[in-house]
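Here's the letter readout for the chains.
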Amino acid sequence: DIQMTQSPSTLSASVGDRVTITCRASQSISIWLAWYQQKPGKAPKLLIYKASSLESGVPSRFSGSGSGTEFTLTISSLQPDDFATYYCQQYNSYPWTFGQGTKVEIK
Amino acid sequence: QVQLVQSGAEVKKPGASVKVSCKASGYTFTSYYMHWVRQAPGQGLEWMGIINPSGGSTNYAQKFQGRVTMTRDTSASTVYMELSSLRSEDTAMYYCARYTAARGYDYWGQGTLVTVSS
């Protein structure tokens, strides 16, 4: 199975900060990586697919980059609505696997 | 509009089985694969498996092989996930999620809480 490792596990930031979350795959997954945002009590929401493609309706302050084994999710200017937990997921090969999550907290 | 509506919360005893449904609407049911993902309380997301609503083929995570069965009823636009031999560690929120080719899960059900307790 492909292991997905996110860092950091928790991130404290202020409104307006630039935030970067890293996701590493245990083997190459090309560009088959998605990022999801999850708020308490809600289903996850797709933000980024194919490593860098922005899902329709998602604010442009979210961006993704990377290929192979190293990926990043960047929020260019953190907004109050962005405090949530973020997950990466590889969909290169079964079983599809998620990172352990990164919780973005208010500093 | 696309909607995935799941069945209600369940409480089961250890050793029992649970069957969760996910009714799709607003799109052609047989055109999109459906996945099941679970999340234990306070924990991360865990992929369980996939079903092709068109032909019914499935692919399960090794962890659940032998305990999980995913089926579909095309006349009702509904997929089902049945998990047997339940144990306390199966207590979780179970989600169905529609997969759109190359994009990931663009629509999710609201989740079904399954509690396993004696």
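Sequence order as written defines the numbering, with residues in each chain counted from 1. Whichever chain is written first becomes A and whichever ligand is written first becomes 1, with later ones labelled in order. Restriction of local features to residues with pLDDT of at least 70 applies here, the model being predicted, together with a cutoff of 80 or more for giving and counting side-chain atom pairs; totals for whole chains, interfaces and linings are based on all residues. To obtain the side-chain values, all non-hydrogen atoms of the structure were used and water was disregarded.

Draft legend 1. Quick peek at the overall build of chain B. The secondary structure listing takes helices from DSSP runs of H or I that are at least 4 residues long and strands from runs of E that are at least 2 residues long, numbered from the N terminus. Looking only at helices and strands, chain B has zero helices and eleven strands in total. Mapped in sequence order, the helices and strands of chain B form the string β-β-β-β-β-β-β-β-β-β-β. Computed over the C-alpha atoms, the radius of gyration of chain B is 13 Å, within 12% of the 13 Å expected from 2.2 N^0.38 for a compact globule of 118 residues. Residue exposure (1.4 Å probe, protein chains only): buried if accessible area is under 20% of the type maximum, exposed if over 50%, otherwise partly exposed. Taking all 118 residues of chain B together, the buried fraction comes to 47%. Two residues form a contact once any of their heavy atoms are found within 4.5 Å. In chain B, the share of contacts with a sequence separation of at least 24, taken over all contacts with a separation of at least 6, comes to 51%. Each radius of gyration is computed over the set of C-alpha atoms, and the globule rule expresses the reference value as 2.2 Å times the number of residues to the power 0.38.

Draft legend 2. Geometry of the sheet that holds strand E8 (residues 78–83) of chain B. Residues and elements named next belong to chain B. In this analysis, strands are considered paired if DSSP registers two or more bridges between them. Pairing within the open sheet is antiparallel, and its four strands lie in the order E1-E3-E8-E7. Strands with a single pairing partner mark the edges of an open sheet, and in this sheet they are strand E1 (3–6) and strand E7 (68–73). Neighbour-to-neighbour, the strand axes of the sheet open up by a mean angle of 20°, direction not taken into account. In the sheet, E7 pairs with E8 via six bridges, with the strands oriented antiparallel. Bridge pairing in E8 links Val 68 to Leu 83. All axes here are fitted lines through C-alpha atoms, helices being fitted over the stretch that makes contact, and every angle between N-to-C directions spans 0 to 180 degrees.

Draft legend 3. Local environment of the sheet that holds strand E1 (residues 4–7) of chain A. Residues and elements named next belong to chain A. The strand order across the open sheet formed by four strands is E1-E3-E8-E7, and the pairing between neighbours is antiparallel. Looking at which strands have only one partner, the edges of the open sheet turn out to be E1 and strand E7 (62–67). Across the sheet, the mean angle from the axis of one strand to that of its neighbour is 15°, orientation sign disregarded. Where strand E3 (residues 19–25) and strand E8 (residues 70–75) come together, six bridges link them in antiparallel fashion. Opposite Arg 24, over in E8, you have Glu 70 as the bridge partner.

Draft legend 4. Local environment of the nonpolar core. Note on terminology: a nonpolar core comprises buried Ala, Val, Leu, Ile, Met, Phe, Trp, Tyr and Cys residues joined through side-chain atoms within 4.5 Å. Ranked by size, the top nonpolar core spans 43 residues in total, and within it Met 34, Trp 36, Met 48, Met 81, Leu 83 and Tyr 105 of chain B carry the most contacts. When residues of this core are assigned to their parent elements, the largest contribution, six residues, is made by strand E9 (residues 92–100) of chain B. Setting aside residues up to four positions removed in sequence, Leu 83 of chain B forms contacts with Ala 16, Ser 17, Val 18, Arg 38, Met 48, Phe 64, Arg 67, Val 68, Asp 90 and Tyr 94 of chain B. Among the nonpolar cores identified, the runner-up in size contains 25 residues, and Leu 11, Leu 47, Val 58 and Cys 88 of chain A belong to it.

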